[in-house]
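Each chain, written out:
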Amino acid sequence: MSIDDSFRSVRFNQDKIVLLDQTRLPEEIKYVDLYTVEDVFWSIRNMLVRGAPAIGIAAAYGLYLGVLDASKKRASTALNDSVEEYTRYLMSARPTAVNLEWALRRMKQRWDHEKGLSVEHKLTALQDEARAIDLEDEAANRIIGEHLAALIKEGMGVLTHCNAGALATSRYGTALSGFYIAKERGVDFKVFADETRPVLQGARLTAWELQQAGIDVTLICDNMAATVMSQGKIQAVMVGADRIAANGDTANKIGTYSVAVLAHHFGIPFYVAAPTSTVDLGIDHGQQIPIEERAAEEITKFNGRMVAPNDITVYNPAFDVTPHELITAIVTEKGVFSPPMDLRSALS
Ligand code: MRU
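Residues numbered from 1 in each chain as written. Predicted model: local features only at pLDDT ≥ 70, side-chain atom pairs only at ≥ 80, totals over all residues. Heavy atoms only, no water.

### What about the nonpolar core?
In terms of nonpolar packing, the biggest core is built from 42 residues, with Val-10 and Ile-17 touching the most fellow members. In terms of residue count, helix α2 (residues 52-73) provides more of this core than any other element does, 14 residues in total. Not counting the four nearest positions on each side in its chain, Val-10 is found in contact with Ile-17, Val-18, Leu-19, Val-49, Ala-54, Ile-57, Ala-58, Tyr-61 and Asp-134. If you look at the next biggest cluster of nonpolar residues, it comprises 25 residues, including Leu-159, Ala-225, Val-239 and Ile-244. (Core = buried A, V, L, I, M, F, W, Y, C linked by side-chain atoms within 4.5 Å. Buried < 20%, exposed > 50% of the residue type's maximum accessible area, 1.4 Å probe, protein only. Helix = DSSP H or I, 4+ residues; strand = E, 2+ residues; numbered from the N terminus. Contact = heavy atoms within 4.5 Å.)

### Some remarks on the site of the ligand
By nearness alone, 18 residues border the ligand, and Arg-50, Arg-94, Asp-242, Asn-252 and Lys-253 come closest of all. Here Asn-252 contributes a side-chain N or O atom positioned 2.7 Å from an oxygen atom of the ligand. For the shell around the ligand, the secondary-structure elements that each account for two or more residues are α2 and β9 (250-253). Of the residues in the shell around the ligand, the class split is eight nonpolar, six polar and four charged. Two domains share the shell around the ligand, each providing at least three of its residues, namely domain 1 (3-141) and domain 2 (144-347). (Near = heavy atom within 4 Å. Polar contact = N/O pair within 3.5 Å; in protein donor to acceptor, adjacent residues only side chain to side chain. Nonpolar A, V, L, I, M, F, W, Y, C, P; charged D, E, K, R; others polar. Domains from an automatic or database assignment.)

### What to know about helix α4 (residues 98-113)
Taking 1.5 Å of rise per residue, 16 residues should cover 22 Å, and α4 covers 22 Å from first to last C-alpha, within 8% of that figure. Residues of α4 that are buried sit in contact with α1 (37-45), α2, α3 (79-91), α5 (119-149), β8 (243-245) and β11 (279-280). (Expected span 1.5 Å × (residues − 1).)

### Let's talk about the environment of Thr-218
The topology assignment puts Thr-218 in strand β6 (residues 217-220). Residue Thr-218 is classed as partly exposed on the basis of its relative accessible area of 29%. Separated by 24 residues in sequence, Thr-218 and Asp-242 have C-alpha atoms that sit 24 Å apart. Each residue touching Thr-218, except ones within four places of it in the same chain, is listed here: Val-191, Phe-192 and Ala-193.

### Description of the domain arrangement of the chain
Segmenting the chain into domains produces domain 1 (3-141) and domain 2 (144-347). Contacts between the two partners involve 34 residues from domain 1 and, on the opposite side, 40 residues from domain 2. For the pairing of domain 1 and domain 2, the buried interface totals around 3,000 Å² over both sides, and the portion due to carbon and sulfur atoms is 55%. Taken together, domain 1 and domain 2 are joined by three salt bridges. Among the salt bridges present, the one from Arg-94 reaches Glu-292, with a minimum N-O distance of 2.8 Å. Counting the contacts that link domain 1 with domain 2 gives 26 residue pairs in polar contact (both at pLDDT 80 or more). Listing elements by their share of the side of domain 1 that touches domain 2, those giving two or more residues are α2, α4 and α5. Per-element accounting of the side of domain 1 that touches domain 2 gives the leading share, five residues, to α5. For the side of domain 1 that touches domain 2, the class distribution of residues is 16 nonpolar, eight polar and ten charged. (Buried area = accessible area lost by both parts, 1.4 Å probe. Salt bridge = Lys/Arg side-chain N within 4 Å of Asp/Glu carboxyl O.)

Have a look at this one:
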């Protein structure tokens, strides 16, 4: 079985978003209906929807829902303020993945572009734009997958970290997209999935998603990566990204940097896969990327039970930045970029 459309994490259905609640996986396949911009903000912040492209897509539809609702309550002249307000509100849900900001800016630009036309027309344009963002992500991922699949050879072991799969995007995923295509082509390879403490996206989502698709996947704890690499089981690392600076420095899930250092130590190629909506040409290097810090409970509790002393001081950055020197190539739908990376001239 290959990845099909049955686990699409964000669907739009007339007046609501239907989300696959990723906090419940793999125990339960539960869908939730979102009707308001507040529902969407809450779902992004609490990670019912997560993964850089997926939060951008959810926010785009969320902005449409917010403005649709405002159009029933406010004078048409006040709707520009609603667009402004909801754009800023949704952008503040999570800081690191630039796709959120990118998708919302694009929605606002579309609204501004339709200036002077009827409210109905502008609402249709907003809905069309959100759908375009959704569909373009799917198309980009398919191209990224073709590039990655070409790197996956018979008998290879590939390590991945966090979840950069179908669940994190409109379809196929970024880092995982090559696995689906290689599988379709009958290539025999193995995936090793880091569990990805503290939120366990690797264990709960990647291991589940790949298993559903019949891909040979082995789950390991994060602290086992050096061992499996030293045993010769890993020939490549493929990960996703939340924000890539113009020089190629890449923010991704916490722990990615450690994997990159290990890959460098063992001489294993380290690939970052992302659509160009994840590239932030407005920043020169990774130190300018805002890093989200999340609640202490993600670390102090496990399955609802305290696993650390009460009131312990906790530091919980949700992402880290892998310096471009450790990246073999950045794989996008617009090409594969290897060092020296100057994404600003390559993409603008
Ligand atoms: O905190 P999350 O689960 O939203 O973090 C997700 C990641 O770090 C992914 O690797 C990244 O967004 C790429 S998803 C295609």
